[in-house]
Amino acid sequence: MNKSRRITLHIFVDWLAATISWLGLFFFRKNYIEASKHGYEIPINHDDNLWLGLLLVPAFWITLYAISGYYNYIFRRSRLKELQHTFNASVIGVLFLFFTLILDDSISDYRDYYLSVATLFGFHFCATLFFRLAVVTKTIHNVKNRIWGYNTLIVGCGERALNLYQELNSAKKSEGFFIKGFVKIQDDCSLKEVGARILGDWTDLPALIREHQVEDIILCTEAGENEQITAIIDCVQNEDIHLKIMPDQYSLVLGMVKMNNILGAMLVEVDFEVMPTWQKVLKRMIDILASTVALVILSPIFLLIAILVKADSKGPIFFTQPRIGLKGKLFNIIKFRSMRMDAEIHGPQLSHDQDDRRTRIGVFLRQSRLDELPQFFNVFMGQMSLVGPRPEREFFKDQIVEKAPIYQRLQRIKPGITSWGQIKYGYASTVDEMIDRMKYDILYLENMSLGLDFKIMLYTVLIMVQGRGK
């Protein structure tokens, strides 16, 4: 199955439905609303507004659908979800178009507004749902008949894994799983006796995912293997896969699961998404806007700090260092240099309140958090966000994970200039303090929202103004 071609088809039918619905509204307004106002039939002549609308309105609808995440998982559709998404998006989109394009119409009665909104909603909802159901029905048919599917690994090597495999393969209608093989959780694997294809150990999952182009993983543990569940989840959380788990393990990942299917094999899905797609898009738009404004407005302060740093000690103005970002990818963080050039001549070290490696201006920069300002470049480039857990160095990250493996969950989101951990704890001078600060960032991860981001940014500004940075 070709994903890009399928996405193109979805976009095309949505564009077609939006075009038809806007044309329907245009002719309704000409033949009914304007005709009733003037008392005679309005001829359909060349109208620039019509052509402009046919260009911009379908583009608006496609953008709205993309922001809502509609085109993300085109092969994992149900007709009920299509109905729900189409209705919700139609309500939001029609209201937006009413206030931006229809409200200034010349009318004879205020009830004409209701008629215009109802007509646009009726045309758009019915046309969009019709085309979508046609495409989705074909997709569902191909999945159920094993024409299309998702390369899948079963993590487990016992009786329950074998029973699940047999259930999936013998089902009259497929759920879309193309089983590539089994992955061991423990060395003792009873499936070897039945000639099952054992691909490796669970620690090999990242490599196996890439080798077999895996899209789905089903975790199927036996008694005595429950202790590995959290480690397995952490092992694959940065991979682009869907993780499903047997229902009797539900309580072990409470808060991260959702029901996947009520008619087929009883599985629940581990949800790695921490924010809805529309909020992630809006968060990124805020990052771009805020970082652009900050870089422009703060440019005089940048210049002043650059002069002070250069005059205070030898070395470059900016300090760059590899840090761990989203999904474990490395990037170079940018800061104003606040320490001497030989600060780490004896290896990686963490700063502390009485750190004599800091320059004179560096003490002030760190207390006021002004050394962080160049990170707006990282935010603008998409490597960081305004709000998110502090990005750590790989040297210290390995030490943290050794003591607190849950730290790896923070890699689900972009690191940030400021964070809940930063305003509650500040800079950490030891690995144990980094672990203590991590607890606040884990709480942020589990409660992420745009409202919480604004609250954290407000407190950060107060800390900067008061000079209470640690």
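The rules we used
Residues numbered from 1 in each chain as written. Predicted model: local features only at pLDDT ≥ 70, side-chain atom pairs only at ≥ 80, totals over all residues. Heavy atoms only, no water. Patch = residues over 30% accessible without salt bridge, like charges linked within 9 Å, V, L, I, M, F, W, Y side chains within 5 Å. Areas by Shrake-Rupley, 256 points an atom, 1.4 Å probe, with all protein chains shown as cover. Salt bridge = Lys/Arg side-chain N within 4 Å of Asp/Glu carboxyl O. Lys, Arg positive; Asp, Glu negative; His and termini not counted. Charge placed at Lys NZ, Arg CZ, Asp CG, Glu CD. Helix = DSSP H or I, 4+ residues; strand = E, 2+ residues; numbered from the N terminus. Buried < 20%, exposed > 50% of the residue type's maximum accessible area, 1.4 Å probe, protein only. Core = buried A, V, L, I, M, F, W, Y, C linked by side-chain atoms within 4.5 Å. Contact = heavy atoms within 4.5 Å. 1 Å grid on protein atoms, 1.4 Å probe; cavity = no way out; pocket = protein on both sides within 12 Å on 5 of 7 lines; lining within 4 Å. Points joined across faces, edges and corners; volume = space filled by probe spheres on them. Nonpolar A, V, L, I, M, F, W, Y, C, P; charged D, E, K, R; others polar. Axes fitted to C-alpha atoms, helices over the stretch in contact; angles between N-to-C directions. Parallel < 35°, antiparallel > 145°, perpendicular 65-115°, else oblique. Expected span 1.5 Å × (residues − 1). pLDDT = per-residue confidence, 0-100. Left-handed = near helix turned anticlockwise from the far one by under 90°. Polar contact = N/O pair within 3.5 Å; in protein donor to acceptor, adjacent residues only side chain to side chain. Pairing = 2+ DSSP bridges. Right-handed = clockwise from strand over helix to strand, strands pointing away.

A.B. asks: Would you mind showing me how to read a positive patch on the surface here?
C.D. replies: Side chains of Arg79, Lys144, Lys172 and Lys173 sit close together on the surface and give a patch of like positive charge. Within the secondary structure layout, lysine 144 lies in helix α4 (residues 111-144).

A.B. asks: Looking at this structure, how should I read unusual backbone geometry?
C.D. replies: Phi is mostly negative for residues that are not glycine, and the peptide bonds are mostly trans. Phi angles above zero are rare outside glycine, and glutamine 213 is one such case at about 50°. Locating glutamine 213 in the fold gives a position in the loop between α6 (205-211) and β4 (216-219). Assessed through its relative accessible area of 61%, glutamine 213 is described here as exposed. Residues other than glycine seldom take positive phi values, yet lysine 327 does so here, at roughly 55°. Summarising the element assignment, lysine 327 is placed in the loop between β8 (318-324) and β9 (330-336).

A.B. asks: Can you help me understand the nonpolar core in this one?
C.D. replies: Proteins that are soluble and globular tend to have nonpolar side chains buried together. Of all hydrophobic cores here, the largest spans 41 residues; its most connected members are Ile305, Leu365, Leu373, Phe376, Met438 and Tyr444. Sorting elements by how many residues they give to this core places helix α14 (residues 431-446) first, with seven residues. Beyond its immediate sequence surroundings of up to four residues, methionine 438 is in contact with Ala404, Ile406, Tyr407 and Leu410. Of all hydrophobic cores here, the second largest spans 22 residues; its members include Trp202, Ile217, Ile241 and Ile245.

A.B. asks: For this particular structure, what's the right way to read empty space enclosed by the protein?
C.D. replies: Unfilled space is identified by rolling a water-sized probe across the atoms. What the rule picks out here adds up to three cavities of 30 Å³ or more. If you add up the space inside the largest cavity, you get close to 90 Å³. Classifying every residue of the lining of the largest cavity by side-chain character gives seven nonpolar, two polar and two charged.

A.B. asks: Even after reading the chapter, I still don't get the packing of helix α8 (residues 277-297) against helix α9 (residues 299-312), so can you show me in this structure?
C.D. replies: When two helices pack together, their arrangement is given by the angle between the helix axes and by the axis-to-axis distance. At a minimum axis distance of 4 Å, the contact between α8 and α9 shows a crossing angle of 60°. When the axes of α8 and α9 are compared, the pair comes out oblique. Side by side, α8 and α9 meet where Ala294, Leu295, Val296 and Ile297 of the first sit next to Ser299, Pro300 and Phe302 of the second. Grouping the amino acids of the contact of α8 with α9 by side-chain chemistry returns six nonpolar, one polar and no charged.

A.B. asks: Would you mind showing me how to read α14 here?
C.D. replies: An α-helical segment advances 3.6 residues per turn. Residues three or four places apart therefore align on the same side. If you check α14, its first and last C-alpha atoms are 22 Å apart, about what 16 residues at 1.5 Å a residue would give, namely 22 Å. When α14 is considered as a whole, its buried residues turn out to be Val431, Glu433, Met434, Ile435, Arg437, Met438, Asp441, Ile442, Tyr444 and Leu445. Looking at the buried positions of α14, the neighbouring elements they touch are α8, β10 (385-387), α12 (394-403), α13 (420-424) and α15 (450-466).

A.B. asks: Just checking my understanding: could you explain the confidence of the model for the protein chain for this structure?
C.D. replies: Segments scoring low in pLDDT should not have their predicted coordinates read at a detailed level. Here the protein chain averages 84 in pLDDT, while 86% of its residues score no lower than 70. Taking the mean pLDDT of every element in the protein chain, the minimum, 52, falls on strand β6 (residues 257-259) and the maximum, 95, on helix α11 (residues 375-380).

A.B. asks: Even after reading the chapter, I still don't get the pattern of salt bridges, so can you show me in this structure?
C.D. replies: Oppositely charged side chains can pair when the atoms bearing their charge come close. Summed over all chains, the structure comprises 13 salt bridges. Taking the shortest distance from any N to any O, the salt bridge between arginine 76 and aspartate 216 comes out at 2.4 Å. Residue arginine 76 is found in the loop between α2 (48-67) and α3 (79-102), and its partner aspartate 216 is found in strand β4; the two are separated by 140 residues along the sequence. The exposure class of aspartate 216 is buried, given its relative accessible area of 0%. The shortest N-O distance in the salt bridge between lysine 283 and aspartate 453 comes to 2.4 Å. Here the residue lysine 283 occupies a position in helix α8, and aspartate 453 occupies one in helix α15, the gap between them amounting to 170 residues. A residue is classified by how much of its surface remains accessible, and lysine 283, at 11% relative accessible area, is buried. What emerges from the salt-bridge pattern is a single network uniting Arg76, Asp216 and Lys244.

A.B. asks: Could you clarify how one ought to interpret the packing of α12 against α14 in this entry?
C.D. replies: Running from N to C, α12 and α14 point in directions that differ by 70°, and their axes come no closer than 10 Å. In terms of axis orientation, α12 runs roughly perpendicular to α14. Along this stretch, α12 crosses α14, giving a crossing that reads as right-handed. From α12, Phe396, Gln399, Ile400 and Lys403 reach across to α14, where they touch Val431, Asp432, Met434 and Ile435. Its residues assigned to classes, the contact of α12 with α14 comprises five nonpolar, one polar and two charged.

A.B. asks: Whenever I open this one, the side chain of glutamine 237 confuses me. Can you help?
C.D. replies: Examined against the element boundaries, glutamine 237 turns out to sit in the loop between α7 (229-236) and β5 (242-245). Since its relative accessible area comes to 4%, glutamine 237 is described here as buried. A polar side-chain atom of glutamine 237 sits 2.6 Å from the main-chain carbonyl oxygen of glutamine 408. Among all residues touching glutamine 237, those that are not within four sequence positions of it are Phe272, Gln408, Arg409 and Arg412.

A.B. asks: What am I meant to see in the pairing of β4 here?
C.D. replies: The side chains of a regular strand alternate, residue by residue, between the two faces of the sheet. Burial along β4 is two-sided: Asp216 and Ile218 facing one way and Ile217 and Leu219 facing the other are all buried. Pairing geometry for β4 and β5, over four bridges, is parallel. Its bridge partner lying in β5, isoleucine 218 is registered against lysine 244. A crossover connection joins β4 to the parallel β5 through α7; in handedness this β-α-β unit is right-handed.

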